[in-house]
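Structural characterization, general
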Number of protein chains: 2
Amino acid sequence: MVNITIADVAAKAGVSLATVSRVLNSRDGSIKISEKTKQKVLQSAQELGYQINPFAAALRSKRSGVIGAIIRDIHDPFLSLLVREVQKAAHDKGMEMLMGHADYDAHTAERQLHFMINHWFDGLVLIGNLSTHSLLERSKQSGPPIVSITGDSSLPIPQVRTDDAKGVHLALDHLIELGHHSIGFLGNLEHGGVRTRLRAFKDYLQHCGFEPDESHILDARDRFTAFERSKALFECRKAPSALFCASDQYALSAIRAAWYLNKRIPDDLSIIGFDDIEEAADSFPPLTTVKQPARELAITAIDLLTGFIDGTLDTIAQSESVVEPQLIIRQTTATRV
Amino acid sequence: MVNITIADVAAKAGVSLATVSRVLNSRDGSIKISEKTKQKVLQSAQELGYQINPFAAALRSKRSGVIGAIIRDIHDPFLSLLVREVQKAAHDKGMEMLMGHADYDAHTAERQLHFMINHWFDGLVLIGNLSTHSLLERSKQSGPPIVSITGDSSLPIPQVRTDDAKGVHLALDHLIELGHHSIGFLGNLEHGGVRTRLRAFKDYLQHCGFEPDESHILDARDRFTAFERSKALFECRKAPSALFCASDQYALSAIRAAWYLNKRIPDDLSIIGFDDIEEAADSFPPLTTVKQPARELAITAIDLLTGFIDGTLDTIAQSESVVEPQLIIRQTTATRV
């Protein structure tokens, strides 16, 4: 096979060697090259059969240019949104990302983590709660830097998370302003983050002078159960006038349960979610929710990780970064009649 | 740190060395050890701080024990279901899986593929349509074996896919038996698989003596557009009595559009999907659909891949494996009134 060089690509595309080099070898988002030029170079390279090596820069610097991510569940709509943002943030720093899907299995997560730690990954991101304490403790001495996003707050590594209590306060302030004082809670209490939201929920209701009703607090391990349990709650005589859901996915199950019972939302019942997944804006009616800023969580984590990799940040000094949630008012909450 | 051996773990757990070795080092699903014994060994190992190395066997055999998967979109509910099944099938063969998320970007897919080809991955699986022809052509000479699942049928590698035409026939036979002869089509025609389904749809309708109405064929690039376009179709005077959707996700958008217009499903309108994603059984009403057997696709692909890795199968001889779809009748289809 003839050895095609970037000089051939430059000649064919009618641009300078430097431009070809920038398009083919650099993924630094700060270098501005017009999309038209970029496409011309890439097309010329492809037509000539030039072997693009985007990791040339990484190899020169003795780094792989690849970070690893381990995600609890790619089916979780918020975590998969977060994965997409983490990958975008990594691309903006000129790094590629490969990931492991733990699928709720601690042994799988440990194997993937073990493998990434012992190979050529420059840094790792853990996304969602993973039970990998023992391996993380051992990896502190050696191995690449690791950052956790929305993980277990007791992990011995730097954390990036949303201010859960603040998010619950935003939701409750909104519902209380609308005249609701009998408010239910729906969430999967297996997750540490949801337990934190429940504590904040109870504390803040009491702080506002309302007594949380234990029979209105629903624990559901999956969205089928969330549907069933919210249906049962809406049917009971002392049903609350509003429901706070610790995830949008569960809020969508609760909306389906209301539909099923011919209850109108928001006229008969207000429902508020948490996360702001893609489906939230798209549900019928569109869901009022507390937005976890996925992009900000991702950028914060990747900024930390690249700082640790470059040695410009010290892992000890960065134990926890908290980003602010935001209330997104759509059409599932209204004044209590 | 004291060096903990498996003898220490065996003594603590009160089992034989061989049992500890099997639990800790082997992930061969064919070796039966009781869950109780397994947990006892794992707990003893953890309490003693034994460093589990699940890849010891792989290292001995000069293999990494890891396969790579590149997926078009982890947000696609069918592809993410497929990823889970591929990982399970890999685990059953004692292999771990790491993946790249192409996120519809051919350059990202090429970089991830390039990286996996040039590193220690034993084999690769491409999931969904990825535009990586040029790199695949070059990797045929060297590099690990690669299998594609539900990908572009023109790829120069062994393929595993569902019999799309058969799936369309199952759906149309069902609708025609229920008395429907004005049937619409909704899908994202950017995808090759959907274009195949549309061809089969038109051909089979004609074969059955009906003329497909071009104005009833809807192309939508995302589920928001799918909602809008199906709403517009349901509102028009000559609306079809049934809609065939080339994916369950779009069928769910169409159901929401029907709800929005106060049309009753299946009384006023029959809707049928394709894929059988988790949400299909859970929708309101539960969705009638054509099941793509994700588990069978995954097992077929991993069986091929491990055969290629072991050298017991020849990649040339295995150009295409087709699995049979299945009609799942739920509650969104009924007799035309």
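Report follows, based on the coordinates. All values derive from a computational prediction rather than experimental measurement.

**So, the nonpolar core**
Counting 104 residues, the largest nonpolar core has Ile271(A) and Ile271(B) as the members making the most contacts within it. Once residues lying within four places of it in the same chain are set aside, the contact partners of Ile271(A) are Phe234(A), Leu243(A), Cys245(A), Ala251(A), Ala254(A), Ile255(A), Ile265(A), Leu287(A), Thr288(A), Thr332(A) and Thr333(A).

**A closer look at the packing of aromatic side chains**
Aromatic ring pairs are defined here through the distance separating the ring centres and the angle between the ring planes. All names here are of chain A. Per the stated rule, a full pass over the model turns up 11 aromatic pairs over all chains. Aromatic pair Phe244 and Phe274: ring centres 6.2 Å apart, planes at 85°, arrangement edge-to-face. Highlighted residues: Phe244 in strand 8 (residues 242–245) and Phe274 in strand 9 (residues 270–275), separated in sequence by 30 residues. Under the relative-accessibility criterion, Phe244 is labelled buried at 0%. One aromatic cluster is present, formed by Phe185, Phe201, Phe244 and Phe274 through successive ring pairs.

**Describing the interface of chain B and chain A**
As a measure of interface size, the accessible area lost when the parts come together is often cited. Between chain B and chain A, the contact holds 50 residues from the first and 50 residues from the second. Across the interface of chain B and chain A, roughly 4,700 Å² is buried in total on both sides, 60% from carbon and sulfur atoms. Taken together, the connections running from chain B to chain A amount to 14 salt bridges. Among the salt bridges present, the one from Glu279(A) reaches Arg223(B), with a minimum N-O distance of 3.9 Å. Counting every contact that joins chain B to chain A gives 23 residue pairs in polar contact (both at pLDDT 80 or more). Elements with a minimum of two residues in the side of chain B that touches chain A: helix 3 (35–48), helix 5 (77–92), strand 2 (96–101), helix 6 (106–117), helix 7 (133–139), helix 10 (223–235), helix 11 (248–260) and helix 12 (278–282) of chain B. In terms of residue count, the dominant contributor to the side of chain B that touches chain A is helix 6 of chain B (seven residues). Along the lines of polarity and charge, the residues of the side of chain B that touches chain A split into 21 nonpolar, 17 polar and 12 charged.

**Some points on the environment of Ile329(B)**
All names here are of chain B. Relative to the helices and strands, Ile329 is located in the segment after strand 12 (326–328). Taking the C-alpha atoms as reference points, Ile329 and Ala171, separated by 158 residues in sequence, lie 9.7 Å from one another. In this structure, Ile329 is in contact with His174 and Thr288, ignoring residues within four places of it in sequence.

**A short note on the packing of helix 8 (residues 164–177) of chain A against helix 9 (residues 192–207) of chain A**
Residues and elements named next belong to chain A. Relative to each other, helix 8 and helix 9 sit at 45°, their axes nearing to 9 Å. In terms of orientation, helix 8 lies oblique with respect to helix 9. Two packed elements cross with a definite hand, and for helix 8 against helix 9 that hand is right-handed. On helix 9, the residues that touch Asp164, Ala165, Val168, His169, Leu172, Asp173 and Ile176 of helix 8 are Gly193, Thr196, Arg197, Ala200, Phe201, Tyr204 and Leu205. Of the residues contributing to the contact of helix 8 with helix 9, the split by class is eight nonpolar, three polar and three charged.

**Comments concerning the relation of the copies chain B and chain A**
Rotating chain B by 180° and translating it 0.1 Å along the rotation axis places it on chain A, where the RMSD comes to 0.1 Å. What the rotation and shift describe, once combined, is the action of a two-fold rotation axis. Judged by C-alpha distance, Met99(B) is the residue of chain B that lies nearest the rotation axis, at 2.6 Å. A high fraction, 100%, of the interface residues of chain B reappear at the interface in chain A, so the copies pair face to face through one surface.

**A few points about the pattern of salt bridges**
For the coordinates displayed, the defined rule picks out 45 salt bridges over all chains. Between Lys12(A) and Glu47(A) there is a salt bridge, with its nearest N and O atoms 3.3 Å apart. One end of the pair, Lys12(A), is in helix 1 (residues 6–13); the other, Glu47(A), is in helix 3 (residues 35–48), with 35 residues separating them in the sequence. Residue Lys12(A) is classed as partly exposed on the basis of its relative accessible area, which comes to 43%. Linking Arg84(B) and Asp103(A) is a salt bridge whose minimum nitrogen-to-oxygen distance equals 2.7 Å. Separated into two different chains, Arg84(B) in helix 5 and Asp103(A) in the loop between strand 2 (96–101) and helix 6 (106–117) make up a pair that spans both. Overlapping salt bridges bring together Asp73(A), Asp103(A), Arg223(A), Arg256(A), Arg84(B), Glu278(B), Glu279(B) and Asp282(B) as one network.

**Focus on the environment of Pro212(A)**
Residues and elements named next belong to chain A. Following the sequence through the fold, Pro212 ends up in the loop between helix 9 and strand 7 (217–219). Given the relative accessible area of 15%, Pro212 is considered buried. Through-space distance from the C-alpha of Pro212 to that of Ser182 is 7.8 Å; in sequence the pair is 30 residues apart. If near-sequence neighbours (up to four positions away) are discounted, Pro212 is found in contact with Lys202, Leu205 and Gln206.

**Remarks on the sheet that holds strand 10 (residues 288–291) of chain A**
All names here are of chain A. One open sheet holds the six strands; their spatial order is 7-6-8-9-10-12, and the pairing between them is mixed. Two strands in the sheet have a free side with no partner beyond their single neighbour: strand 7 and strand 12 (326–328). Along the sheet, successive strands turn relative to each other by an average axial angle of 20°, direction set aside. Running at roughly 160° to strand 7, helix 10 (residues 223–235) makes contact with strand 6 (183–187), strand 7, strand 8 and strand 9 of the sheet. Across the face of the sheet, helix 11 (residues 248–260) comes into contact with strand 6, strand 8, strand 9 and strand 10 while running at roughly 155° to strand 9.

**Remarks on the pairing of strand 9 of chain A**
Residue and element names in this part refer to chain A. Of all six residues that make up strand 9, six are buried, and the element is covered over most of its length. Sheet topology note: the strand 8/strand 9 ladder contains three bridges and is parallel. What sits directly across from Leu243, in strand 9, is Ile271. Crossover handedness for the path strand 8 to helix 11 to strand 9: right-handed. Alignment of strand 9 against strand 10, held across four bridges, turns out to be parallel. Its bridge partner lying in strand 10, Gly273 is registered against Thr289.

**A few points about the state of the cysteines**
All names here are of chain A. Counted according to the given criterion, the structure contains zero disulfides over all chains. No disulfide involves Cys208; its sulfur sits 19 Å from that of Cys245, the nearest cysteine. You can call Cys208 partly exposed: its relative accessible area is 29%.

**Some words on helix 13 (residues 294–310) of chain A**
Residues and elements named next belong to chain A. In a regular helix each residue adds 1.5 Å, so 17 residues correspond to 24 Å; helix 13 covers 24 Å between its end C-alpha atoms and thus fits that length. Regarding helix 13, the residues found buried are Ala294, Leu297, Ala298, Ala301, Ile302, Leu304, Leu305, Thr306, Gly307, Phe308 and Ile309. Taken from the residues just after helix 13, Gly311 is the one with a positive phi, measuring 85°.

**A word on the packing of helix 5 (residues 77–92) of chain A against helix 13 of chain A**
All names here are of chain A. Packing of helix 5 against helix 13 brings their axes to within 8 Å, and their N-to-C directions diverge by 45°. Here helix 5 is positioned oblique relative to helix 13, judged by the angle of their axes. For the pair helix 5 and helix 13, the crossing hand works out as right-handed. For the pair helix 5 and helix 13, the contacting residues are Phe78, Leu81, Leu82, Glu85, Val86, Lys88, Ala89 and Ala90 in the first and Ala294, Arg295, Leu297, Ala298, Ile299 and Ile302 in the second. Partitioning the contact of helix 5 with helix 13 into residue classes produces 11 nonpolar, no polar and three charged.

Conventions and cut-offs
Residues numbered from 1 in each chain as written. Chains lettered and ligands numbered in written order. Predicted model: local features only at pLDDT ≥ 70, side-chain atom pairs only at ≥ 80, totals over all residues. Heavy atoms only, no water. Core = buried A, V, L, I, M, F, W, Y, C linked by side-chain atoms within 4.5 Å. Buried < 20%, exposed > 50% of the residue type's maximum accessible area, 1.4 Å probe, protein only. Contact = heavy atoms within 4.5 Å. Phe/Tyr/Trp six-rings, centres within 6.5 Å; stacked < 30°, edge-to-face > 60°. Helix = DSSP H or I, 4+ residues; strand = E, 2+ residues; numbered from the N terminus. Buried area = accessible area lost by both parts, 1.4 Å probe. Salt bridge = Lys/Arg side-chain N within 4 Å of Asp/Glu carboxyl O. Polar contact = N/O pair within 3.5 Å; in protein donor to acceptor, adjacent residues only side chain to side chain. Nonpolar A, V, L, I, M, F, W, Y, C, P; charged D, E, K, R; others polar. Axes fitted to C-alpha atoms, helices over the stretch in contact; angles between N-to-C directions. Parallel < 35°, antiparallel > 145°, perpendicular 65-115°, else oblique. Left-handed = near helix turned anticlockwise from the far one by under 90°. Least-squares fit on C-alpha atoms with pLDDT ≥ 70 in both. Pairing = 2+ DSSP bridges. Right-handed = clockwise from strand over helix to strand, strands pointing away. Disulfide = S-S within 2.5 Å. Expected span 1.5 Å × (residues − 1).

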